[in-house]
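Architecture and fold: a report
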Amino acid sequence: MPAADTVLTGARVRTLDPARPEAGAVALAGGLVVAVGHESDVRDWRGPGTRVIDLGGATLTPGLTDAHSHPVWGIEMSTGVDLTAVRDLDQLRAALRAAPRTGGWVLGWGLDHNAFGGRPVHRDLIEDSLGGAPAFLRLYDGHSALAGGPALTAAGITGPRTFAQRSEIVCDADGAPTGHLIEHAAMALVGALAPTPPPAERRARLVELLSEMAATGLTGAHVMDLGDGDVPALLSTVEYEGHLPLRLRLAPWCMPGADEDTLAELIGLQGQRGRHWQVGGVKLFMDGSVEGGTAWLQHADCHGQGTEAFWPDPEAYSRAVRVLDAAGVRTATHAIGDAAVRHVLDTVAALGPRARMRHRIEHIETVPDDQLARFAEIGVIASMQPPHTAYTRADHTDEWSKRLGDERAGRAWRCRDLRDAGAVLALGSDWPIAHHDARQVLATALRPRGAASGGRALTGLMALEGMTSHAALAAGEEAVAGRIAPGLRADLTAFTVDPVTAGPDELAQAPVRLTVSGGRITHGEP
């Protein structure tokens, strides 16, 4: 037999393979797992050039995958001052006064809606801190932003506008824009003018970011966008210059108004790939965010909003999904509110049995009892992000909970209920909406925060499956990934603790001993 490239020993191996759940050693060759067993079982795979690594009692698992992330587009989204730690208006104003000017602009990201203390989001609250500079501040949800007066002027925004998708330029009683821009089309009017990183900086930041992600145990990510269309060229350039630290699977967006030519273009993108990335699937939106009033709800929120879908004609969404499904394209639909989730489930149910396990719903922040079992019955994958719960509060005094009311806030992020109902549950971070640290995703799944803290948590095994075997199912890659078994990808994560039995505090801080993506060590042993 040919010699292995790498042999890993001295580990507790949690394979997640029912045929052999645990082992002590693994051999890797050509980017694949070639042997799993006791040390005696892999001894014959050693050759003169084989690298042998003793993991010193670490727990080796299938490589972690972030099932919902934006590492490429997120570089633009996270340009400027980090506002994630801002908790009130005084802190916000201080951060803006000290913020560096980027091309003359004040840019910021990660701003929590709760920082406004219940006040409407308005540019008057920040103008005195900007020194006359144009400002574009992204709120944490990624679906809204606050623009200052000079930025609105530069974009020619003087009042409300009508959009093809559900978006809004918020205006006061006199019709003057407040600076609050809700949803992508409105945000883009100003965002398109704001400075963005030059190509070389963008590439460097991407590699740095992916390396940081690998250090938390991630070996791959499901990327829920294709950026501005130049992402394949960007990734190809990175691979020409070196290697991608993570395996990336990208899903371009399908937006309202998509016609036959647009759908054909999306279908044609499928399978485009490099060494460690590929286009696979399409991302759609059925609604927006609770805090922005654009989550599609069965009943209006406390502001009388939330009763409309992101697609003005929901049936047009369903037609697009039918076309994509007929072409064999997997879809992932952003659906936060109960009405949005119901419509996606109804759409996939109408496709029939052939669509089982080919479509997924992202976020699912509030869902009633009568929809839980449908995920398993129809074969729709649930994709959720436990760290999002940190933007809410257990006493429901946060903006998300107040918008929904106690009843709907009481069914927040029902990860365990979905698992118990038989659903496949993939877990992720949604970076830069929440931090990309995979350990935080796992730890928060074990101890949900805020409005979700009253619900039942996932077990350690369920959480691990959410970032391994269930993430593989969500991508249709269960035959090649998500387990440690001969013939599968050599994507592996070694923890200094056992993620199945460790408590959330211990797991959140535990060093990652080794990360291997495609047989190449991306973190740990040189």
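Residues numbered from 1 in each chain as written. Predicted model: local features only at pLDDT ≥ 70, side-chain atom pairs only at ≥ 80, totals over all residues. Heavy atoms only, no water.

1. Digging into the packing of aromatic side chains
As enumerated under the stated definition, the model contains six aromatic pairs in all. Between Trp-73 and Trp-253, the ring centres sit 5.2 Å apart and the planes meet at 85°, which makes this aromatic pair edge-to-face. On the criterion of sequence distance, the pair formed by Trp-73 in helix α2 (residues 73-77) and Trp-253 in strand β17 (residues 253-254) is long-range, its members being 180 residues apart. Among the residues examined, Trp-73 registers a relative accessible area of 17% and is labelled buried. Residue Trp-253 is classed as partly exposed on the basis of its relative accessible area of 23%. With a centroid separation of 4.8 Å and 80° between ring planes, the pair formed by Trp-253 and Phe-285 is classed as edge-to-face. Within this pair, whereas Trp-253 is found in strand β17, its partner Phe-285 is found in strand β19 (residues 282-285), the two being separated by 32 residues in sequence. Members of the aromatic cluster, joined through ring pairs, are Trp-73, Trp-253, Phe-285 and Phe-310. (Phe/Tyr/Trp six-rings, centres within 6.5 Å; stacked < 30°, edge-to-face > 60°. Helix = DSSP H or I, 4+ residues; strand = E, 2+ residues; numbered from the N terminus. Buried < 20%, exposed > 50% of the residue type's maximum accessible area, 1.4 Å probe, protein only.)

2. Concerning the pairing of strand β20 (residues 331-335)
With five of five residues buried, β20 lies mostly within the body of the structure. By the alternation rule, side chains of β20 split into Thr-331, Thr-333 and Ala-335 and Ala-332 and His-334, which are all buried. Strand direction decides the pairing type here: β19 and β20, joined by four bridges, are parallel. Residue Val-282 lies in a different strand from β20, and its bridge partner there is Thr-331. Note on the crossover from β19 through helix α9 (residues 314-326) to β20: the handedness is right-handed. Examined bridge by bridge, β20 and strand β21 (residues 359-363) share five bridges and lie parallel to one another. (Pairing = 2+ DSSP bridges. Right-handed = clockwise from strand over helix to strand, strands pointing away.)

3. Quick notes on the pattern of salt bridges
Counted by the stated rule, this structure contains 35 salt bridges. Taking the shortest distance from any N to any O, the salt bridge between Glu-22 and Arg-12 comes out at 2.8 Å. Residue Glu-22 is located in strand β3 (residues 22-23), and its partner Arg-12 is located in strand β2 (residues 12-14); the two are separated by 10 residues in the primary sequence. Of the charged contacts in the structure, one is a salt bridge between Asp-417 and Arg-414, with a shortest N-O distance of 2.8 Å. Assessed through its relative accessible area of 12%, Arg-414 is described here as buried. Here the salt bridges share partners, and the residues they tie into one network are Asp-369, Arg-414, Arg-416, Asp-417, Asp-420 and Arg-456. (Salt bridge = Lys/Arg side-chain N within 4 Å of Asp/Glu carboxyl O.)

4. Side note on helix α7 (residues 231-241)
All buried positions along α7 are accounted for by Val-231, Pro-232, Leu-234, Leu-235, Val-238 and Glu-239. Along the axis of α7, the buried positions cluster into a sector of 160°, meaning they face one direction only. In α7, the exposed residues that point more than 90 degrees away from the buried face are Tyr-240 and Glu-241. Where the residues of α7 are buried, they touch α6 (199-214), β16 (247-250) and β18 (277-279). (Arc of directions from axis to C-beta. Contact = heavy atoms within 4.5 Å.)

5. Remarks on the sheet that holds strand β4 (residues 25-29)
Taking strand neighbours across the sheet as the criterion, the four strands line up as β5-β4-β1-β6 in an open arrangement whose pairing is mixed. Two strands bound the open sheet, and with one partner strand each, they are β5 (32-37) and β6 (51-54). When strand polarity is set aside, the average angle formed by the axes of neighbouring strands in this sheet is 15°. Across five bridges, β4 lies against β5 in antiparallel orientation. Counterpart to Ala-27 in the pairing with β5 is Ala-35. (Axes fitted to C-alpha atoms, helices over the stretch in contact; angles between N-to-C directions.)

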